[in-house]
Amino acid sequence: MRPEQQQQQPSTPPPQQPPPTRPVRKLVIDVADARDLLPKDGLGSSSAYVVADFDGQKKRTSTITRSLNPVWNESLEFIVSDPNTMEYEVLEIEVFNDKRMSNGSARKNHFLGRVKLYGSQFARKGDEGLIYFQLEKKSVFSWIRGEIGLRIYYYDDVEYVGDHDPNNQNDANTQPPDKEPPSHQQQPPHEVRVMEVQHPTEGVTDNLHQPPMVTVEEAPPAVTVQMENYPNHPNHQIPHQVQPEYQPEIRRMQTGRVRVMKRPDNNDYSPRVIPRRSAAGESERIPAYDLVEPMQYLFVRIVKARGLSPNESPYVRIGNSVRSKPGVPKPNEPSSNPEWHQVFALAYNKPESENSSTLEISVWDAQSENFLGGVCFDLSDVPVRDPPDSPLAPQWYRLEGGDDPNAAGKVTGDIQLSVWIGTQADDAFPESWSSDAPYISHTRSKVYQSPKLWYLRVTIIEAQDLQIAPNLPPLTAPEVKVKAQLGFQSVRTRRGVMNNHTASFYWHEDLVFVAGEPLEDSLILLLEDRTGPDPVLLGHVLIPVAAIEQRIDERHVASRWLSLEGGPGGSYCGRIHLRMCLEGGYHVLDEAAHVCSDFRPTSKQLWKPAIGILELGILGARGLLPMKARGGAKGSTDPYCVAKYGKKWVRTRTITDSFDPRWNEQYTWQVYDPCTVLTIGVFDNWRMFADMADEKPDFRIGKIRIRVSTLESNKVYTNSYPLLVLQRTGLKKMGEIEVAVRFACPSLLPDMCAIYGHPLLPRMHYLRPLGVAQQEALRGAATKMVAAWLQRSEPPLGAEVVRYMLDADSHTWSMRKSKANWFRIVGVLAWAVGLAKWLDNIRRWKNTVTTVLVHLLYLVLVWYPDLIVPTLFLYVCLIGIWYYRFRPKSPAGMDIRLSQAETVDPEDLDEEFDTFPSSRPPELIRARYDRLRMLAARVQTVLGDFATQGERIQALVSWRDPRATKLFIGVCLMITVVLYVVPPKMVAVALGFYFLRHPMFREPMPPTSLNFFRRLPSLSDRLM
C-alpha cells in the first residue's frame, strides 16, 4: 500500500513515459487537373469535382466552376488499414459536375467519368510521377471523354495510440488527480476496422471486382535464390500461408482432373495427348502440385557433429557413393566440432529399397581415411513429410563403431542430422545434393528475372560555339555530326544544318537507346567534323544515365545546355542543347512481336492487375538423341529445360546421362494479357564439363511454344510435343517433351472480356510510335542486354540459350520462311477462292436445285433489304457454331508443314544458316544473288500489275483517253436516268438474274465491261 500512496501524491509525479506509437501506412492522391471534359451544365462547360473512394473512405475535392480543363492541385490522404493487403485494394476516382452550378434545376450531379486503380499500381513516396488516366464509362450508354492527371503514392508513418498526443501533453499533465484516466481497453474506431480485415479473402476480395488470381506475386530480382513467393513451385520453400486464394468455383475447376481425348495420329511430328492418372476419391486430399508426378526422395540433412576423434578434415558418407563436403568448425571452436549444413536428396523407390532396408551414414577423415563413426537407420521407420508440414527437426545421434575391431575405443562423439522421405515439392529439394544431378552449380533448378529495361530518348537540338577548321574550300559547308554511345550501342545523327548568322548547327533529331537497371552506364556524346577524309573531334560530353529524368507519359521534358570538353579549343569547346528522358511508358521489346510473352510498360505504376495464373508442369522428355561422347564411344545427353514467360525465366535441374529424363517440376506465372506466348526449350548441358577458361556453349535440343489464349480456363492439358530442330542437313527430331499446362482464371471475368478491346501495346507506342527498323535494332540491343544479365547468374544461362528462346534471328532472310509466308497468304485467301468457285458453280447451273434456291433467297433479300445485314451475321454465327465441332482439343506445337520444313531444299538451308556477312565462296554468293534477282523480278511484276489496275480506275474520269471517258460518262448518265425511273428493287432483280443466267445464254468471250476496263490506259507506258 505504501507504493500506491506515493504514486497518489501530487508532489511526486511519476516519470513521464514516451507515448505508445504504432506504424501506419498512408495513401496520398494528388489530384492535379483534368483535360477535355464533357460540357454538362447547359452552358457549354462543366463545374467539376473529384470523389476518391478507397477502403471504405470517401473524400472529395473542391468544385472548379465552369471549366472543361479544371485545375485542382489538391491532396487527398487515406489510411491503409492493412498494408499487407494494400495491393488488392481498389481505388475509385470519379468526376462529377456540380448540379448547383448548372443552368436550370438539375436533379443530380452529372457523371463525367471514372478511373479504377489497384494497389499494385501505387508507388512509394519519391518514386511517384504525374500520370494522366483516360476517363472510363460507368455503363455502355455513358458518353465520356477526357483524362485526369493523378499523382499517387504511399508512405509509412507512426501515430500515437489512444489519447496520447504530443500537442496536448500540457493538458494531460494538468489533469486533476482525482479524475480517472481513460481506459486503455477502449480503442478508436479505425483500430476496430483493422481487426476486421485480418482475413483479406473475406473482407476484401468479396467486395472487389478484382480477379482472385493475383494473390501470387512475381519473383524478386534475379540475385535472389530462394523463391518464397511461388506457392506452386515444387522446388522452393512454400510457406503455408502464401497458398493462392481462389474463389470457390475456381478451386473446384482447378483441382479437377480433366482427361483430354484425341484420335490417334500417325504423324510422328504432331503432339500426343498423355492420359492422366484417374483422380483419387473425393475424401483424398489433392496435392498442390497436381500437374506433375510425385517423385520419392530420401532426404538426409547433415548439420554438425561434436566430440569427434582427432581428425583433420572430416566428411560424411551416405551409403557407399554419396560424399559430403569437408566439415568446418566455427571460429574459436575445436576441430572435433565440425559443421556441414548440407542436405542430400537420394532417389527412393519402395520396390527397389526392399532389398536394402537400412541407411548407413558414416563419418570419415579425408586425410587419413580413418573411420570416425557411423549411424544406421531402418528405412521402414523413416517418417514421411508432406508440405506444408514444417521442416523435420534434426536430432543428436551417438556415433558407433560397428563390427570394426580397429574402431574400438576410437569412435567418439555425436552427429546431428535428420532423415525423412519426401517429394520434389519439399522445400529442401532445390538446394539439396540430388542423386540424379550431382554437379551442384550447373544442375540445380533456378528461377531468373530479366533486367528492367528502359528506352532512353535523346533529342539533339543544336550546338553553338564550335571550333570549326577555318581552312575549308570555298562554297564548302562543314559536315558536323553527333555520335552517341551507350555501352555497346552507337548511333550517329544526320548532317547538321548550319546557321550562317549565328554559326550554330541544328539537328532536332531523336536518338533512342536501351538502358538497363541499375543504370550504371554513362551516355557519351561526340561531336565530329567529317568534312575531311579523317573525322575531327570537336568536343564530347559525358552524362550519367542515372541522372536523367524519367517520365511515364508524353509530358514535356525541359531541355538542357551542356558544355563540351576535349576539343581543339582548350577547356571550352562550345556547348550542345539536349533533351533527354527515360521512357517508362513503353514496353521494351526483347522478343519477336509474334511470340511476345509480355506487353507491360517499364513503369510499374502503369501495370494493370493480373487476370489469372499460368501453371506449367514439366514432366520429362522421351527418346532424346545422344549429344556428346563420353568414355570413348558411349553417347550421352545431360538435358535440362528452360521456360520463359514475361520477365521470369525458369530452369530445371540437369539430369545427367539420361535419354529419358524425368524432371516433374511445376512453376507458375502471373498472366496480365492472354494474347501472349509461353516458350519452353530443352538443352544439353556442356558448361558443367568445361573449365573456366574454356567455356562451352550448351547445345539446343528443341523448343515449343504455347499461346495462352488457346487454353480454356481451368483445364489441364497434358501433352507430349516433338522436339524439332532445323539443321543444315535438314529437319531432325531430337525427342519428345512432356508438359502439363493450365490457365487458371475465371472464364467470363469482366476484366478478361474487356482486355480483348484494349490496345496490345502501351499508350506511348501509339502517341509517339517507333519506326519498324528502329524497333528491330532496339530489340537486338535488348536481347544482348538480357543475355549478358542472365549470363552473370549462377548457374549462368548462356547467351546461346537466351538468343534461341527469344528468337533473336527471326528477322534474317530465308527462302524457306518466304515460301511459308506466301502459302500462309494463300491459306488466308482460300475462303475467297472457295466462294468464287461456289458462285461460278451456281452461275453454271451445275446443281439445279441449289441454283433455284439461291434465286429464291436473292429475291427475298432484294424485296426485304432490311434482312441483308442480319442474315450475314446469322450466317457467320452458324459458321462459328459449326466449326465448334472441329476446335483444337490441345495446344498445337510446331507445324513442319506450315514451316515448309518437310520439302526444303538443301541449298535454301545452307543459305538460311549462313552468317552475316556471308562466309560462302564468291561464286556461290553470285548464284544466290542472281536467284534473288529473279524472285525480285516476279515481285516487281506483281506490284506493277496492282498499280496498273489502280491507274485504270483513275483513267475513267481523267480524260487521258477522251473517247473512253466520253463513253463512261454517257453510260453513267444512262444508268442515272434508269435508276430514277425504274424502282431499285426491279433493277437489282434484273441484274441478279442476268448474273445467274443459264450457260446457254452466255458467251464464251469476256464481257463488254471487262474488255472496256482492260483497254483503259495506265502509266506503265511512261516508265523508262
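Residues numbered from 1 in each chain as written. Predicted model: local features only at pLDDT ≥ 70, side-chain atom pairs only at ≥ 80, totals over all residues. Heavy atoms only, no water.

Caption draft 1: Broad picture of the overall build of the protein chain. Along its length, the protein chain carries 20 helices and 41 strands. In the protein chain, buried positions account for 43% of the 1024 residues. Taking the contacts inside the protein chain whose residues are at least 6 apart along the sequence as the reference set, 71% of them involve residues at least 24 apart. Here the protein chain displays about 57100 Å² of accessible surface, and carbon together with sulfur accounts for 56% of that area. (Helix = DSSP H or I, 4+ residues; strand = E, 2+ residues; numbered from the N terminus. Buried < 20%, exposed > 50% of the residue type's maximum accessible area, 1.4 Å probe, protein only. Contact = heavy atoms within 4.5 Å. Areas by Shrake-Rupley, 256 points an atom, 1.4 Å probe, with all protein chains shown as cover.)

Caption draft 2: Geometry of helix α12 (residues 815-828). Counted at 1.5 Å a residue, the expected span for α12 with its 14 residues is 20 Å, and the 20 Å between its end C-alpha atoms agrees. Turning to α12, its buried residues number three or more, namely Met815, Arg816 and Ala820. Along the axis of α12, the buried positions cluster into a sector of 140°, meaning they face one direction only. Facing away from the buried surface of α12 by more than 90 degrees, the exposed residues are Trp822 and Val828. Looking at the buried residues of α12, the elements they touch are β40 (716-727), α16 (906-912) and α17 (922-954). (Expected span 1.5 Å × (residues − 1). Arc of directions from axis to C-beta.)

Caption draft 3: Structural view of a nonpolar patch on the surface. Among the surface-exposed residues, Val860, Trp863, Tyr864, Leu867, Leu973, Val977, Val978, Tyr980, Val981, Val982 and Met986 lie close enough to one another that they form a single nonpolar patch of about 1100 Å² accessible area. Listing elements by their share of the nonpolar patch, those giving two or more residues are α14 (848-863) and α18 (962-981). If you tally residues by element for the nonpolar patch, the top one is α18, at five residues. In this fold, Val982 is placed in the loop between α18 and α19 (984-995). By relative accessible area, which is 31% here, Val982 ends up partly exposed. (Patch = residues over 30% accessible without salt bridge, like charges linked within 9 Å, V, L, I, M, F, W, Y side chains within 5 Å. Salt bridge = Lys/Arg side-chain N within 4 Å of Asp/Glu carboxyl O.)

Caption draft 4: Here's a closer look at the side chain of Asn97. Looking at the element boundaries, Asn97 is found in strand β5 (residues 90-97). When its relative accessible area of 0% is taken as the criterion, Asn97 is described as buried.

Caption draft 5: Local environment of the pairing of strand β12 (residues 314-318). Counting buried residues along β12, four of its five residues qualify, which places the element largely inside the surrounding structure. Inspection of the sheet shows β12 paired to strand β16 (residues 358-365) by five bridges, in the antiparallel sense. Residue Pro314 lies in a different strand from β16, and its bridge partner there is Asp365. (Pairing = 2+ DSSP bridges.)

Caption draft 6: Quick peek at the environment of Tyr858. Relative to the assigned elements, Tyr858 resides in helix α14. Taking the C-alpha atoms as reference points, Tyr858 and Ala988, 130 residues apart in sequence, are found 9.4 Å from one another. Not counting residues up to four positions away in its chain, the partners in contact with Tyr858 are Ala988, Val989, Gly992 and Phe993.

Caption draft 7: Local environment of the environment of Arg960. Following the sequence through the fold, Arg960 ends up in the loop between α17 and α18. Measuring from C-alpha to C-alpha, the distance between Arg960 and Leu1016 comes to 8.8 Å, with 56 residues separating the pair along the chain. Leave out the neighbours within four places in its chain, and Arg960 touches Pro1017, Ser1018, Leu1019, Asp1021 and Arg1022. Among the polar contacts listed, one links the side chain of Arg960 to the backbone oxygen of Ser1018, at a separation of 3.1 Å. (Polar contact = N/O pair within 3.5 Å; in protein donor to acceptor, adjacent residues only side chain to side chain.)

Caption draft 8: Representation of the sheet that holds strand β2 (residues 48-54). Spatially, four strands are ordered β3-β2-β5-β6 in an open sheet, and the strand pairing comes out antiparallel. Because the sheet does not close on itself, it has two edges, and the strands there are β3 (57-60) and β6 (110-118). The sheet shows a mean angle of 15° between the axes of neighbouring strands, taken without regard to direction. Judged from the four bridges that link them, β2 and β3 form a sheet pairing that is antiparallel. Counterpart to Val51 in the pairing with β3 is Arg60. (Axes fitted to C-alpha atoms, helices over the stretch in contact; angles between N-to-C directions.)

Caption draft 9: Spotlight on the nonpolar core. Counting 37 residues, the largest nonpolar core has Leu614, Leu616, Trp669, Ile680 and Ile737 as its most contacted members. Elements with a contribution of two residues or more to this core: β32 (612-622), β35 (639-645), β37 (662-671), β38 (677-684), β39 (699-707), β40, β41 (730-744) and α8 (750-755). Ranked by residue count, the leading element in this core is β41, at five residues. With residues near it in sequence (within four places) discarded, Trp669 still touches Gly612, Ile613, Leu614, Leu616, Ala643, Tyr645, Lys648, Val650 and Leu678. Counting residues in hydrophobic clusters, the runner-up holds 34 residues, among them Leu37, Ala52, Ile93 and Leu117. (Core = buried A, V, L, I, M, F, W, Y, C linked by side-chain atoms within 4.5 Å.)

Caption draft 10: Representation of the confidence of the model for the protein chain in the model. When the pLDDT values of the protein chain are averaged, the result is 80; 82% of them are 70 or greater. The weakest mean pLDDT in the protein chain belongs to helix α5 (residues 248-255) at 33; the strongest belongs to β35 at 95. The model gives residues 1-11 a pLDDT under 50, and that stretch makes one contact with residues more than four places away or in other chains. Confidence over residues 166-266 falls short of pLDDT 50; this stretch has 176 contacts with residues more than four positions distant or in other chains. (pLDDT = per-residue confidence, 0-100.)

Caption draft 11: Representation of the pattern of salt bridges. As enumerated under the stated definition, the model contains 52 salt bridges in all. Across the pair Arg530 and Glu528 runs a salt bridge whose closest N-O atoms are separated by 3.0 Å. Relative accessible area serves as the criterion here: at 11%, Glu528 is assigned to the buried category. For Lys644, the salt bridge identified is with Glu591, shortest N-O distance 3.0 Å. Highlighted residues: Lys644 in strand β35 and Glu591 in the loop between β31 (575-583) and β32, separated in sequence by 53 residues. Put simply, Arg728, Glu907, Asp910, Asp914, Arg920 and Arg928 are held in one network by salt bridges that share partners.

Caption draft 12: Fine view of the packing of aromatic side chains. Overall, the coordinates contain 19 aromatic pairs when judged by the stated rule. Taken together, the aromatic side chains of Tyr297, Phe299, Trp420 and Phe429 make up a single cluster linked through ring pairs. Across the ring face of Tyr155, the terminal group of Lys125 is positioned such that the distance to the ring centre comes to 5.2 Å. Directly above the aromatic system of Trp396 lies the positively charged group of Arg306, at a separation of 3.9 Å from the ring centroid. (Phe/Tyr/Trp six-rings, centres within 6.5 Å; stacked < 30°, edge-to-face > 60°. Lys NZ or Arg CZ within 6 Å of the ring centre and 35° of its normal.)

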